[in-house]
Structure formats: C-alpha cells, structure tokens
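Coordinate analysis (summary)
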Amino acid sequence: VSINAFNQEVSSTILKINDTTVRVFSLKVSSKDAKEITELVIPNGITKIEEGAFAGLENLKTLVLPDTVVEVEEGAFRGCTSLESITLGKKLTTLGASVFEGCENVNEVVLPATLTTVGKDVFKGCEKLTIYAHYNTQPSGYDAEWNSSNCKVYLESQWGQNDLDPERINLL
C-alpha cells in the first residue's frame, strides 16, 4: 500500500490511518513524501508490517503498534534514526531480522510476553537502548545474535530491583 493512498490522512508531520478507511492485513509505505512523517500510529486490524515497510523514515519519532500486529518483517523500521519512542502491541509474536537496526535514539522498549521469535540484529546500532522483557527465560525462538549491540536487558523478575519501577515499565 503506497502512502499516496492515504492523502486525506497525511499532514506534513503526522500519518494516522483510520481503521474504517483502511482494511488491509499488511502495510507498506513507499513514497519519498513519507520522509516527513514524525508519528506513525498503525490502526487496529493491521496484523503484519511488511519487510522494509517504513525503513529510512529519518524524521519518524514515535511508533505505536496495536495489539492486532503479530508480525513485523525484516528491516521494517531500519534506519529510522530519529525514532525515540516504540510501543509494541501485547500480541506481537515475531520481530524479523534488523527490524529496528540503526534506530539509535530509542532509549527503552518493552518486549511483550507473546514475543517468541526474534531475528538477528533486531536492535543493531541501538547502543542507548534498555530492553524490558515480559519473560524470565528467553524463548527458544530468539536468534543467538538478536541483541548484537549488547543492549541492557531486564527480565520481568528483575523489574522490582535496581531502582526499576514495574509500574513505569508497564506504561511504556
């Protein structure tokens, strides 16, 4: 799906897709005009973000995935260098390789308990990132090199320790 299909919903800085207007099961943006997007709110009903769908959106700062998204394919948000805030849906099961590679300004992300498959280098180049995981044992479907940037990872059992506030983490 091209960004041009959503001209009515696109302003110079924000893309919001109304779920009554868009009835698709996957989404891909492919337009040079999309480079101006700073906020991306994916509507309920979208289940998959395709490979490279939003890669290179250099001005994107905020990403919100609804609970209906279960899969994000390889490199979907690669090179979104201004991305600061990522909210993953609570039913996400799969993050492909290099999904957030080069998103160097993200500070925190919460991995949902449903996330069972994570590809190689998913957070490569995200050296400032702290990851809060809703599990106590890493699922077997995680690639051995999923955390190649050696981001800090806090398991759910550690959230009440080291000044980590579980209530604040759950709000991320």
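As a starting point, this report considers the structure included with it.

About the cut-offs
Residues numbered from 1 in each chain as written. Predicted model: local features only at pLDDT ≥ 70, side-chain atom pairs only at ≥ 80, totals over all residues. Heavy atoms only, no water. Phe/Tyr/Trp six-rings, centres within 6.5 Å; stacked < 30°, edge-to-face > 60°. Helix = DSSP H or I, 4+ residues; strand = E, 2+ residues; numbered from the N terminus. Buried < 20%, exposed > 50% of the residue type's maximum accessible area, 1.4 Å probe, protein only. Salt bridge = Lys/Arg side-chain N within 4 Å of Asp/Glu carboxyl O. Contact = heavy atoms within 4.5 Å. Pairing = 2+ DSSP bridges. Axes fitted to C-alpha atoms, helices over the stretch in contact; angles between N-to-C directions. Core = buried A, V, L, I, M, F, W, Y, C linked by side-chain atoms within 4.5 Å. Polar contact = N/O pair within 3.5 Å; in protein donor to acceptor, adjacent residues only side chain to side chain.

A look at the packing of aromatic side chains
- Taken as a whole and assessed by the stated rule, the structure comprises 7 aromatic pairs.
- When the ring of Phe123 is compared with that of Trp146, the centres are 6.5 Å apart and the planes differ by 70°; the resulting orientation is edge-to-face. Of the two residues, Phe123 sits in the loop between strand S10 (117-118) and strand S11 (130-133) while Trp146 sits in the loop between S11 and strand S12 (152-155), which places them 23 residues apart along the sequence.
- Judged by its relative accessible area of 5%, Trp146 is buried.
- Note on Tyr142 and Trp146: the rings are 5.2 Å apart at their centroids and 85° apart in plane angle, and the pair reads as edge-to-face. The same class applies to Tyr142 and to Trp146, which are both buried.
- A network of ring pairs unites the aromatic residues Phe54, Phe77, Phe100, Phe123, Tyr135, Tyr142 and Trp146 as a single cluster.

Let's talk about the pattern of salt bridges
- Per the stated rule, a full pass over the model turns up 4 salt bridges.
- Here Lys48 ties to Glu73 by a salt bridge, and the two come within 3.4 Å at their closest N and O atoms. On the criterion of sequence distance, the pair formed by Lys48 in strand S4 (residues 48-49) and Glu73 in the loop between strand S6 (71-72) and strand S7 (85-87) is long-range, its members being 25 residues apart.
- Note on Glu73: relative accessible area 22%, which makes it partly exposed.
- One salt-bridge network, in which partners are shared between bridges, spans Glu74, Arg78 and Glu101.

Examining the environment of Phe77
- Within the fold, Phe77 resides in the loop between S6 and S7.
- Phe77 gets classed as buried once you look at its relative accessible area, which sits at 0%.
- Along the backbone, Phe77 and Ala55 are 22 residues apart, and their C-alpha atoms lie at a distance of 4.4 Å.
- Every residue in contact with Phe77, bar those within four places of it in the chain, is listed here: Leu40, Ile49, Phe54, Ala55, Leu60, Leu63, Leu65, Val72, Val99, Phe100, Glu101 and Cys103.

Brief notes about the side chain of Ser149
- Relative to the elements of secondary structure, Ser149 occurs in the loop between S11 and S12.
- Since its relative accessible area comes to 16%, Ser149 is described here as buried.
- Those residues within four positions of Ser149 in sequence are excluded, and the remaining contacts are Phe123, Lys124, Gly125, Cys126 and Glu127.

Describing the sheet that holds S12
- One open sheet holds the 3 strands; their spatial order is S9-S11-S12, and the pairing between them is parallel. Of all strands in the sheet, those with a lone pairing partner are strand S9 (108-111) and S12, marking the two edges. The mean angle between the axes of side-by-side strands here comes to 20°, regardless of whether they run parallel or antiparallel.
- Where S9 and S11 come together, 4 bridges link them in parallel fashion. Counted as the bridge partner of Val110 is Tyr132 from S11.

Section: the nonpolar core
- Ile49, Val72, Phe77, Phe100, Leu111 and Phe123 are the most contacted members of the largest nonpolar core, which has 39 residues in total.
- Counting residues per element, the ones that place at least two in this core are S9 and S11.
- Excluding residues that lie within four positions of it along the chain, Val72 makes contacts with Ile49, Leu65, Phe77, Leu92, Thr94, Leu95, Gly96 and Val99.

Here's the deal with the side chain of Asn147
- Turning to its location among the elements, Asn147 is positioned in the loop between S11 and S12.
- Of the polar contacts made by the side chain of Asn147, one reaches the backbone nitrogen of Cys151; its length is 2.8 Å.

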